[in-house]
Amino acid sequence: MAERTILAARDLDFYYGEVQALRHISINIPAARVTAFIGPSGCGKSTFLRTINRMNDLIPAARAAGSLTFRGQEIYAPDVDVTDLRRRVGMVFQKPNPFPMSVYDNVAYGPRTHGIRDRRRLDLIVEESLRAAAIWDEVKDRLKKSAMSLSGGQQQRLCIARALAVEPEVLLMDEATSALDTISAARIEDLTLELRERFTIVMVTHNMQQAARISDKTAFFLAGELIEFGNTERIFSMPRDKRTEDYITGRFG
Amino acid sequence: MRSRFDRELEQLHQELTRMGELCEEAISASVLALLEDDRAMAETARARERAIDQQERDIESLCMKLLLQQQPVARDLRTISSALKMIGDMERIGDQAADIAEITRHIGGAPLPGQVHIEEMTQAAAKMVTSSVASFVRGDLGMAQAVMAYDDVVDQLFCMVKEELTALIRRDASSAGEALDLLMIAKYLERIGDHAVNVAEWVAYSLTGSRYPGPPAADSAEP
């Protein structure tokens, strides 16, 4: 199946004040695929992930230069509606962060914010989102219970359901399984592979085996630069750049 | 960085070298058993074959341990998967040397017809085995490719031996039984050469990602 580019960076630079966190990033991220960002801490992979839904806007003196487009539209153009961008580009964080409210209200929060009030429609969205996040069977009898009573793995899947409820086109996952036990992590990994059919997924991970298992494309970052990008199978069997080889084989430094 | 893993990879190289040496010794012993009608050498060849089998199991365990504990990728993964494939070929080389030794038992003392090129074949096959393992340990692609090319020499020697044995039978029909045994031995040596080529191909894979490296192929599916 031919790949369609959904996110494209061209000579993207990013600064935190005087510090340049990204240098001349150029990459085409394909739609309906899982793309993994890997690299040592401080390499810029999380910064790049957070430029995609402008999560970095919250940091003072952060600024971008160059081009970053989502379906051809400049993400950093002055007239971009950031709230709408974040609806279309959802995010799941390392630490599960459910709101201190019921399971149902967590998932309904986004759609309500976007003006959906009809009870039956909300019920449908909540059920569909929880099903898509593979947690429906576990919570269908306690939708009114506090989300904080769920296990860590369940909370993370609830957060994914919450992200899916606003029908995003892209899902960003920032080390979304690193705080979970192996069974919960495996469920999220399986879920990622299922969601790939309908969403574009971009993930940051420190787990090389996870990147090799579930991503279609892998991008290796180092010191703010994109060193190598390609099909995951190729990157993990025949990396072209010695720095990529040294990093993934654990001989870096 | 990863000094323990690197030490274990070095150990893997040493064990493979040892297995290659055992193969060479098995081949030499089996052929000495033939050329000099030396029963003790036939026993040596069989003993080496058993040692080769044990070495295969030991290397297999080491590779499984490394796969489990180190979860290797890239070059490390290719090294370990190549080692797992190579030891299968080396084990077959040991079997074939033992098969040659087995035949010498019932040829029993008949002098080898002087014009038959068995000894040259033996040297050529043994050289291929040694070089193929050495090319892995040294990471020398050129050496591995030389082994692949050298297979033609062994194949030509096999054809020559076959013609020589056909001529022998024509001259003296009573030597047909012995000639067929010698043909079997030549065939085993030719197979040993083929296994050495397989080893060399796995060396090429471990170094380049392709068993038959040519000019680098365009990776059209990628940006």
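No experiment lies behind these values; they were computed from the predicted model shown.

Trainee: Lay out the packing of aromatic side chains with the relevant residues and their values.
Mentor: Residue and element names in this part refer to chain A. All told, the structure shown has 8 aromatic pairs over all chains when counted by the stated rule. Judged by centre distance (5.9 Å) and plane angle (45°), the ring pair of phenylalanine 48 and phenylalanine 221 falls under tilted. Of this pair, phenylalanine 48 sits in helix H1 (residues 45-52) while phenylalanine 221 sits in strand E9 (residues 217-222); the two residues are 173 residues apart in sequence, bridging distant segments of the chain. Phenylalanine 48 gets classed as buried once you look at its relative accessible area, which sits at 1%. Three or more aromatic residues link up through ring pairs in this structure, and these residues are Phe14, Tyr16 and Tyr76. Lying across the ring of tyrosine 15, arginine 63 places its NZ or CZ 4.2 Å from the centre.

Trainee: I'd like a rundown of the sheet that holds strand E7 (residues 170-174) of chain A, residues and numbers included.
Mentor: Residue and element names in this part refer to chain A. What the 6 strands build is an open sheet, ordered E6-E7-E8-E3-E9-E10; its pairing is mixed. Each end of this open sheet is capped by a strand with a single partner; those strands are strand E6 (89-92) and strand E10 (225-231). Strand-to-strand twist of the sheet, defined as the mean angle between neighbouring strand axes without regard to direction, takes the value 20°.

Trainee: Give a description of the nonpolar core that names residues and reports values.
Mentor: If you look at the biggest cluster of nonpolar residues, it comprises 55 residues, and the most contacted ones within it are Leu12, Leu16, Met90, Ile185 and Leu189 of chain B. If you list the elements that add at least two residues to this core, you get helix H1 (3-35), helix H2 (39-70), helix H3 (74-107), helix H4 (118-138), helix H5 (141-171) and helix H6 (176-208) of chain B. At 12 residues, the largest contribution of residues to this core is made by H6 of chain B. Leave out the neighbours within four places in its chain, and leucine 189 of chain B touches Ile27, Ile100, Ile118, Met121, Thr122, Ala125 and Val154 of chain B. One finds Val34, Ile38, Met208 and Leu222 of chain A within the second-largest nonpolar core, a separate group that totals 49 residues.

Trainee: I'd like to hear about the interface of chain B and chain A, residue by residue, with values.
Mentor: Between chain B and chain A, the contact holds 17 residues from the first and 17 residues from the second. For the pairing of chain B and chain A, the buried interface totals around 1,500 Å² over both sides, and the portion due to carbon and sulfur atoms is 46%. Here chain B is connected to chain A by 2 salt bridges. Applying the counting criterion to the chain B and chain A interface returns 6 residue pairs in polar contact (both at pLDDT 80 or more). Of all the secondary-structure elements, those providing two or more residues to the side of chain B that touches chain A are H1 and H3 of chain B. Broken down by element, the residue count for the side of chain B that touches chain A peaks at 4 residues, all from H3 of chain B. Looking at side-chain class alone, the side of chain B that touches chain A contains 7 nonpolar, 3 polar and 7 charged residues.

Trainee: Before we move on, could you go through the pairing of strand E3 (residues 34-38) of chain A and cite the residues and values that matter?
Mentor: Residue and element names in this part refer to chain A. Burial analysis of E3 places 5 of its 5 residues in the buried class, which makes it a mostly covered element. Neither face of E3 is left uncovered, since the one carrying Val34, Ala36 and Ile38 and the one carrying Thr35 and Phe37 both have all their residues buried. Here 4 bridges tie E3 to strand E8 (residues 200-204), and the two strands are oriented parallel to one another. Looking at E8, one finds that phenylalanine 37 is bridged to valine 204.

Trainee: An account of the environment of arginine 4 of chain A is requested, with residue identities and associated values reported.
Mentor: All names here are of chain A. For arginine 4, the location among the structural elements is in the segment before strand E1 (5-16). Judged by its relative accessible area of 53%, arginine 4 is exposed. Sequence spacing of arginine 4 and alanine 31 is 27 residues, and the spatial spacing of their C-alpha atoms is 5.5 Å.

Trainee: Could you give an account of the environment of arginine 78 of chain B, naming the residues involved and the relevant values?
Mentor: Tracing the backbone shows arginine 78 of chain B in helix H3. Residue classification places arginine 78 of chain B among the buried residues on the basis of a relative accessible area of 3%. For arginine 78 of chain B, the contacting residues outside a window of four places in its chain are Ser237 and Met238 of chain A together with Tyr205, Ser206, Leu207 and Gly209 of chain B. At 2.4 Å, the side chain of arginine 78 of chain B forms a polar contact with the backbone oxygen of serine 237 of chain A. At 3.4 Å, the side chain of arginine 78 of chain B and the backbone oxygen of tyrosine 205 of chain B are in polar contact.

Trainee: Please provide a residue-by-residue account of the pattern of salt bridges, values included.
Mentor: Pairing between side chains of opposite charge can happen when the charged atoms of each approach one another. Enumeration according to the criterion identifies 33 salt bridges over all chains in this entry. Note that glutamate 3 of chain A and lysine 217 of chain A form a salt bridge whose closest N and O atoms lie 3.4 Å from each other. Highlighted residues: glutamate 3 of chain A in the segment before E1 and lysine 217 of chain A in strand E9, separated in sequence by 214 residues. Looking at glutamate 3 of chain A, the relative accessible area reads 39%, which means it is partly exposed. Linking glutamate 8 of chain B and lysine 65 of chain B is a salt bridge whose minimum nitrogen-to-oxygen distance equals 3.2 Å. In this pair, glutamate 8 of chain B sits in helix H1 while lysine 65 of chain B sits in helix H2, placing the two residues 57 residues apart along the sequence. The class of glutamate 8 of chain B is buried, set by a relative accessible area of 7%. Accessibility expressed as a relative area gives 34% for lysine 65 of chain B, which makes it partly exposed.

Quick notes on the rules
Residues numbered from 1 in each chain as written. Chains lettered and ligands numbered in written order. Predicted model: local features only at pLDDT ≥ 70, side-chain atom pairs only at ≥ 80, totals over all residues. Heavy atoms only, no water. Phe/Tyr/Trp six-rings, centres within 6.5 Å; stacked < 30°, edge-to-face > 60°. Helix = DSSP H or I, 4+ residues; strand = E, 2+ residues; numbered from the N terminus. Buried < 20%, exposed > 50% of the residue type's maximum accessible area, 1.4 Å probe, protein only. Lys NZ or Arg CZ within 6 Å of the ring centre and 35° of its normal. Pairing = 2+ DSSP bridges. Axes fitted to C-alpha atoms, helices over the stretch in contact; angles between N-to-C directions. Core = buried A, V, L, I, M, F, W, Y, C linked by side-chain atoms within 4.5 Å. Contact = heavy atoms within 4.5 Å. Buried area = accessible area lost by both parts, 1.4 Å probe. Salt bridge = Lys/Arg side-chain N within 4 Å of Asp/Glu carboxyl O. Polar contact = N/O pair within 3.5 Å; in protein donor to acceptor, adjacent residues only side chain to side chain. Nonpolar A, V, L, I, M, F, W, Y, C, P; charged D, E, K, R; others polar.

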